[in-house]
Amino acid sequence: MNKKTMRYENGVPSANTADVDKNIMTHNLGFPRIGERRELKRATEAFWNGSLSLDELKSAGAELRRQHWLLQKQSGIDLIPSNDFSFYDQMLDMSCLLGNIPARFAWDGAAVDLPLLFQIARGSGGAGCACGAHTPAVASEMTKWFDTNYHYIVPEFHRATTFQLGAMKPFDEFSEALALGFRTKPVLIGPLTYLYLGKSHEVGFDRLSLLDRLLPVYEEILRRLAGLGAEWVQIDEPVLALDLAADWQAAFPAAFQALRGAAPSLKLMLATYFGELRDNAALAFRLPVDALHIDLTRGGSEFDSILDRVPENITLSLGVVDGRNIWKNDFELSCAFLEKARQKLGAARMMVAPSCSLLHCPVSLRNEESMDAEIREWLAFAEEKLSEVTELSQLACGNGNAMALHDNQVAIRSRLGSARVHRPEVKRRSSAVTPDDSRRASSYSVRREKQRSALRLPLFPTTTIGSFPQTSEVRSVRRRFKKGDVSEADYISFLKEKTAECVRFQEEVGLDVLVHGEFERNDMVEYFGESLDGFLFTANGWVQSYGSRCVKPPVIFGDVQRPRAMTVDWSTYAQSLTERPMKGMLTGPITILQWSFVRDDQPRRETARQIALAIRDEVQDLERAGIRIIQIDEPALREGLPLRRSDWAVYLDWSSEAFRISASGVRDETQIHTHMCYCEFNDIIDTIAALDADVISIETSRSSMELLGAFVTFDYPNEIGPGVWDIHSPRVPSAEEMRSLLRKAVAVLPVDKLWVNPDCGLKTRGWPEVTIALGHMIAAARALRAEFRESVYA
Ligand SMILES: CN1c2c(nc(N)[nH]c2=O)NC[C@@H]1CNc1ccc(C(=O)N[C@@H](CCC(=O)N[C@@H](CCC(=O)N[C@@H](CCC(=O)O)C(=O)O)C(=O)O)C(=O)O)cc1
Ligand SMILES: N[C@@H](CCS)C(=O)O
Ligand SMILES: [Zn+2]
């Protein structure tokens, strides 16, 4: 968008049309529910551990909702969302609302309450079920929400699936808000997105065929909301930013006709986000809705064509404030979009909003008192973004604050020109990378023999993914250290003690390749962010990752380099305690990139390469220090894929190059592992193979080894550790369960390529369950070793 298309008077966009002084409505698509001090996390976990009652948990939720509605009102938002709150996940809430409860949870048909919802999310029965009365039921699968670091609970579908109104949440929350004086806009995941993002395991069954059974429940929901006094309802269909097959596209018009017909008095807002509409734009315009929300932070290039085609009866909601990043909005750029829309549509037919729900942003900059003052000026979190929306709406209709625009532009220019952002030596090194820097010296088959003689591991070698329980003791000592209440020397010696205990435990339980436990890390990305130049970390910038779990993504504001070794001391200390191989543990460049807030003043591929070079230096330092196995985790590689397939090749090219730059600077004997979790591997299996890691550990247990299929079909050349324990569930699987998962793996993969490990790191688990589960895992591996030794070594 050309800034010159706007007219300014005294620095404020001029308002010289008939629309002057007409308000442009503002709205929000969703607010972070976790709370600015993670109040929801604390309350939920307290309920799980029995120290908070259900009523107290519900009150904590209600208090957060009240605060958030009030805050949005005070920020000047006209249409405030409801039902964006969730105690766990909005997709799981939809499954409950639609009465789609997996049969193994023995739902009795009464309104789904929180305990049942949590069982679906976390599994029930066995060691994990506090009440002890439930039969073991495996949790529903969890996977990434589009290209974000948020995880949703995957709806399960069968030929026999039926739907019925199963919960009252959107109605209760709408009424609750109304009683407080807020006539909110309830948010629902749309029927197509709900079906699309679910899964069926039945061969030949197409979940789209469930639409006819699903729609009547949506119709009932809309009727009820209208009956309660709702004026607007937001229906999220983010799948419209994906490549949709013709049958999915074709399903939209009739579905929306049904929704429209159900409650003619309701205004329906179709919300799309995370990308351009492209070939789905014409379809979106044909739908009988009152407003269409588009994401202009990602779909700006198609804005003109959208504007040309938007039907007369549709209001366009312009998502100009980035809900996926933390940079201050560039008001000049946004006003240019708004001005164009105003000229074409008029103020009455447009709205201003964030690009998507603010779920993916930290709550407020208010709590960042100690943040670097210069950089703070460049940022806007959820609360500040709402003010931006309001200010933009005022600027766009000519009654904006000239100072607001001026200050905004000063901040934007200050970042672009800051010497803190640019390091010439980093740029020089990055541009001097050659193809040799991203290739191991020898082929995998040569490396494999050298590594086998060097490491002498048994058949089915056992290992873990890196982290061991981050107990409240560990976290609270770190907290006291950060506050200055514990000295650095005491903190280090505490961590050494934990590491030593962990090494002893691993030897005793019988693991073959050990890890140091990652006790010194608050998080696998934040820790590296704290050690690298070009990163800023926040004090309270929490973002929900799944359920009660949060992350604090660092902010990459400038050129990245490694001032000193980051992990070598911990790995060498841990190695000094054991004869068994100690795996060095690193987070890969794409995962660091993907789970940070990334600078937007240069291409992501350039930032990725800078991080890759920093990690490469660390890998080489670990090797020099005698570490023979190094794991470079890349769980976010898949998540970073562009949503449209035509954009994949470019991303896969630079992202796999970044991984290989980080991994290729070592000798043949050094074994490089990687790890990926909570993603589908099928569509990028060739890229995964091209990473050329000697060993990959992957999450497979929740899907009962289904995710291994891609590796089998592709004839994956290197070694694989399919996860046998779903560490996101408190349920501890038996040795027999793990053994049967391993049998599935040996049925399809060569036994001498298989490793045995959990799905992911153990940081969220407690020591008692880790002790039992790893004992079971070792027993399962030993049983298989006994079974297969003869056939392999014969
Ligand atoms: C592997 N995963 C990760 C993702 N993204 C990341 N950035 N990191 C990941 O590991 N995405 C995909 C998956 C998602 N999985 C998880 C798993 C676990 C968590 C998690 O446990 N998060 C923690 C917060 C972690 C952290 O940063 N902790 C800090 C702060 C500790 C803290 O809360 N201190 C308390 C005091 C504690 C006490 O006194 O008992 C306080 O400050 O009040 C630290 O360890 O120092 C969580 O608790 O949610 C996230 C994603
Ligand atoms: N090494 C990390 C990987 C998580 S994806 C861990 O074990 O927690
Ligand atoms: Zn993982």
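Residues numbered from 1 in each chain as written. Chains lettered and ligands numbered in written order. Predicted model: local features only at pLDDT ≥ 70, side-chain atom pairs only at ≥ 80, totals over all residues.

Considerations on the pairing of strand S20 (residues 629-633)
To keep things clear, this is the line we draw: Three exposure classes are used. Buried residues have 20 or more other C-beta atoms within 10 Å of their own C-beta, exposed residues have 12 or fewer, and partly exposed residues fall in between, all C-beta atoms being placed from the backbone. Strands here mean DSSP runs of E at least two residues long; helices mean DSSP runs of H or I at least four residues long; both are numbered from the N terminus. The pairing criterion is simple: DSSP has to find at least two bridges between the two strands.
Along S20, 5 of the 5 residues are buried, which leaves the element largely enclosed by surrounding structure. Side chains Ile629, Gln631 and Asp633 of S20 all project onto a buried face; the interleaved residues Ile630 and Ile632 project onto the opposite face, where all are buried too. With 5 bridges joining them, strand S19 (residues 583-587) and S20 adopt parallel strand pairing. Its bridge partner lying in S20, glycine 584 is registered against isoleucine 630. With 5 bridges connecting them, S20 and strand S21 (residues 671-676) associate as parallel partners. Bridged to glutamine 631 within S21 is histidine 673.

Overview of the site of ligand 1
For clarity, the threshold we go by: What makes a residue near a molecule or strand is its C-beta atom, placed from the backbone, lying within 6 Å of it. Each residue gets one label: Ala, Val, Leu, Ile, Met, Phe, Trp, Tyr, Cys and Pro are nonpolar, Asp, Glu, Lys and Arg are charged, and the others, such as Gly, are polar.
Within the structure, ligand 1 sits among 24 residues, and Ser472, Arg475, Ser476, Asn522 and Val551 are positioned closest to it. Elements with a contribution of two residues or more to the shell around ligand 1: helix H18 (472-483), strand S16 (543-546) and strand S17 (549-551). In terms of residue count, H18 provides more of the shell around ligand 1 than any other element does, 5 residues in total. Tallied by class, residues from the shell around ligand 1 come to 8 nonpolar, 7 polar and 9 charged.

What to know about the site of ligand 2
Around ligand 2 sit Ile465, Gly466, Ser467, Met524, Met585, Asp633, Pro635, His675, Cys677, Cys760, Gly761 and Lys763, and that is every residue in its neighbourhood. Residues of the shell around ligand 2, tallied by class, amount to 6 nonpolar, 4 polar and 2 charged.

Comments concerning the pairing of S19
As a general feature of sheets, a regular strand has side chains that alternate between the two faces. Burial runs high along S19: 5 of the 5 residues are buried. On S19, burial covers both faces: Lys583, Met585 and Thr587 on one face and Gly584 and Leu586 on the other are all buried.

Some words on the sheet that holds strand S8 (residues 185-189)
To keep it simple, the criterion reads: What counts as a contact here is a pair of residues whose C-beta atoms, placed from the backbone, lie within 7 Å. Lines fitted to C-alpha atoms define the axes here, with helix axes fitted over just the stretch in contact, and angles between the N-to-C directions of these axes take values from 0 to 180 degrees.
One open sheet accounts for 8 strands, arranged S3-S14-S13-S12-S11-S10-S8-S4; its pairing is parallel. Unpaired on one side and paired on the other, strand S3 (25-26) and strand S4 (81-82) mark the two borders of the sheet. Sheet topology places strand S10 (residues 232-236) next to strand S11 (residues 267-271); 5 bridges connect them, and they run parallel. If you follow glutamine 234 over to S11, its bridge partner there is methionine 269. The sheet strands contacting helix H12 (residues 331-345) are strand S13 (315-321) and strand S14 (350-354), and the helix crosses S13 at an angle near 170 degrees.

Some words on the UniProt feature "binding site: Zn(2+)" (unreviewed entry) in the protein chain
Definition in use: UniProt positions are given in the numbering used here, feature names are shortened, and annotations may be inferred rather than shown by experiment.
Mapped onto the present numbering, the UniProt feature "binding site: Zn(2+)" (unreviewed entry) falls at His675, Cys677, Glu699 and Cys760. In sequence the annotated residues extend across 86 residues, while in space they remain close, none of their C-alpha pairs exceeding 8.5 Å. Inspection of the secondary structure puts histidine 675 in strand S21. Setting aside anything within four residues of it in sequence, one finds histidine 675 in contact with Ile465, Gln631, Asp633, Pro635 and Ser697. Within the fold, cysteine 677 resides in the loop between S21 and helix H25 (685-690). In this view, cysteine 677 contacts Pro635, Ile698, Glu699, Asp759 and Cys760; residues no more than four positions away in its chain are not counted.

A short note on the nonpolar core
Inclusion rule: Any nonpolar core is a set of buried residues, restricted to Ala, Val, Leu, Ile, Met, Phe, Trp, Tyr and Cys, that join up through C-beta atoms within 7 Å. Marked domain ranges trace back to an automatic or database domain assignment.
Counting residues in hydrophobic clusters, the biggest one holds 213 residues, and the most contacted among them are Leu117, Leu318 and Val352. Counting the residues that make up this core, at least three belong to each of domain 1 (3-362 + 375-417) and domain 2 (424-465 + 504-789). Excluding anything up to four places from it in sequence, leucine 117 contacts Phe87, Tyr88, Leu92, Cys96 and Val112.

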